[in-house]
Amino acid sequence: MKRIDAITEIAAMAKDSHALLVGNIGVPCKELFSVCDMPGNFYMLGSMGLASSIGLGLALARPDKKVIAIEGDGSVLMNMGSLATIASHKPRNYLLVIIDNGSYGSTGNQPTATSRNTDLAEVAKGAGNKQIRVVDTPLDLRNILQTMDHGIIVVKAEPGNSAVPVIKMSPEGILKRFMDISSRPSH
Amino acid sequence: MVNDIMEGSSTRLLSPTESVFKGIRAAGIDFIVSVPCINLGELISMVDEAPDIIHVPVTREEEGVGVCAGAYMGGRIPAMLMQNSGLGNSINALASLNMLYGIPILMIMSHRGIEGEPIVAQVPMGRLTPKLLDTMDIPYFIPEKGTDPADIIVTAWNVASSEKKPSAVLLPIPFWRQQA
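Below, the structure is looked at part by part.

Rules used throughout
Along each chain, numbering runs from 1 in the same order as the chain's sequence is written. Chains carry letters from A onward and ligands carry numbers from 1 onward, assigned in written order. Where totals are concerned, whole chains, interfaces and linings use all residues; where local detail is concerned, this predicted model gives features only for residues with pLDDT of at least 70, and gives and counts side-chain atom pairs only at 80 or more. Strands are runs of DSSP state E lasting at least 2 residues, helices are runs of H or I lasting at least 4, and numbering of each runs from the N terminus. The atom set for the radius of gyration is the C-alpha atoms, and the globule formula is 2.2 Å times the number of residues raised to the power 0.38. Exposed residues have 12 or fewer other C-beta atoms within 10 Å of their own C-beta, buried residues have 20 or more, and residues in between are partly exposed; the C-beta atoms are placed from the backbone. Any residue pair is listed as a contact if its two C-beta atoms, each placed from the backbone, are within 7 Å. Strand pairing is defined by DSSP finding a minimum of two bridges between the two strands. A right-handed crossover is one whose linking path, passing over the helix from the first strand to the second, runs clockwise when the strands point away from the viewer. Angles run from 0 to 180 degrees between N-to-C directions of axes, and those axes are lines fitted to C-alpha atoms, restricted for helices to the stretch in contact.

Notes on the overall build of chain B
Now for step 1: Within chain B one finds seven helices and eight strands.
Now for step 2: The globule rule puts the C-alpha radius of gyration for 180 residues at 16 Å, and the 15 Å found for chain B is close to it.
Now for step 3: In chain B, which comprises 180 residues, the share counted as buried stands at 49%.
Now for step 4: Sequence separation of 24 or more characterises 72% of the internal contacts of chain B that already satisfy a separation of 6 or more.

And the structure:
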């Protein structure tokens, strides 16, 4: 499975459940934008490593909303402490999906530590997380997404980027559109 | 500026920690991430015990910047309790997240490595902190004698909120020496 296949499944579920969806820096954000642009998508254009942290802050601030963050192996490796912080709070409305393709895709597919000996599901478990699943096909991901509403999913994917266009929104425009949904109380 | 609380018929001065907490309340801050400093110990405990403030201890300040950004997007008013050394851990996120999108955050910093510092390793970042904030065009505020520290917390948040960027309050070692 390619990363964009995983993103397609995640976005479809986010759309159905009216979730807030945080996209990861670089090509993953562009892939999300191309497969399913929605007002509830936050495209994180910088701050590598912080998608899981932004998602955690959102989930804690909005316990009434489902929150999903998409991470990569390279970005989780950059902010592994986030897995411990998530385990300490374990919000029941927060799903973290780590798409692990063993490479820094947006910078030319340099291998990450997960292409060698590091197992991110074990890292997440060691950090104290209880709900962890590992999948490697789009169908399995779809099925897990339908049953699992919080915790961490590690999606094993192949390296490689899709030929997708750049996001045609300003950072201010992304934030405003997102916050019109994310900061408004639900009724 | 009067800075006291009534205790029956007598009044007593607020401690530095109580003044900062009063400012946090007055600014409406309801979401706090923290990385400890010895000078923030009592404040972190007070925040943790406040039922109407969400407190998230984080592993690193950069992580806290991300958590605060998410909380702000969720409608909360966020602040980070930190040592100034953590500014160095946060710079990319403050620039490529907060400044890029226009997301405010208030950094309440114990400013180490300056007057009265016993630990030599604190000195380089202590001296660099104001210069780094200047370079990043992050407004910062320092309590002066005779003023209420609570007021600068409110001012600093108001600046962050209206300018949609980070701001900071620097609380140096002599400030904490007034602690009872």
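What follows picks up the thread again.
Topic: unusual backbone geometry
Now for step 1: The residue Asn109 of chain A is not glycine, and still its phi comes out positive at about 60°.
Now for step 2: Residue placement: Asn109 of chain A occurs in the loop between strand E5 (103–104) and strand E6 (110–111).

Let's talk about the pairing of strand E4 (residues 54–57) of chain B
For a regular strand, side chains alternate in direction, first toward one face of the sheet and then toward the other.
Residue and element names in this part refer to chain B.
Now for step 1: Burial along E4 is one-sided: Ile54 and Val56 are buried, and none of His55 and Pro57, which face the opposite way, are.
Now for step 2: Across four bridges, the pairing between strand E3 (residues 31–34) and E4 is parallel. Of the residues in E4, the one forming a bridge with Ile32 is His55.
Now for step 3: Crossover E3 to E4 through helix H2 (residues 41–49) is right-handed.

Describing helix H2 (residues 27–35) of chain A
Now for step 1: Three or more residues of H2 of chain A are buried, namely Pro28, Cys29, Lys30, Glu31, Leu32 and Phe33 of chain A.
Now for step 2: Those residues of H2 of chain A that are buried lie in contact with helix H1 (3–16), strand E1 (20–23), strand E2 (41–43) and strand E3 (67–72) of chain A.

Considerations on the pairing of strand E8 (residues 151–156) of chain A
Residues and elements named next belong to chain A.
Now for step 1: Burial analysis of E8 places five of its six residues in the buried class, which makes it a mostly covered element.
Now for step 2: Both strand E4 (residues 94–100) and E8 contribute to a ladder of six bridges, which runs parallel. Each residue of the ladder has a partner; that of Ile98, found in E8, is Val154.
Now for step 3: Here four bridges tie strand E7 (residues 132–135) to E8, and the two strands are oriented parallel to one another. For Ile132, the partnering residue across the bridge sits in E8 and is Ile152.
Now for step 4: For the crossover from E7 across helix H7 (residues 138–147) to E8, the handedness is right-handed.

Some words on the sheet that holds E1 of chain A
All names here are of chain A.
Now for step 1: Reading across from one edge, E2-E1-E3-E4-E8-E7 is the order of the six strands in this open sheet, with parallel pairing throughout. Where the open sheet ends on each side, the last strands, each with one partner, are E2 and E7. Put simply, the sheet's adjacent strands are angled 20° from each other on average, direction ignored.
Now for step 2: Judged from the six bridges that link them, E3 and E4 form a sheet pairing that is parallel. Note on E4: the bridge partner recorded for Ile70 is Val97.

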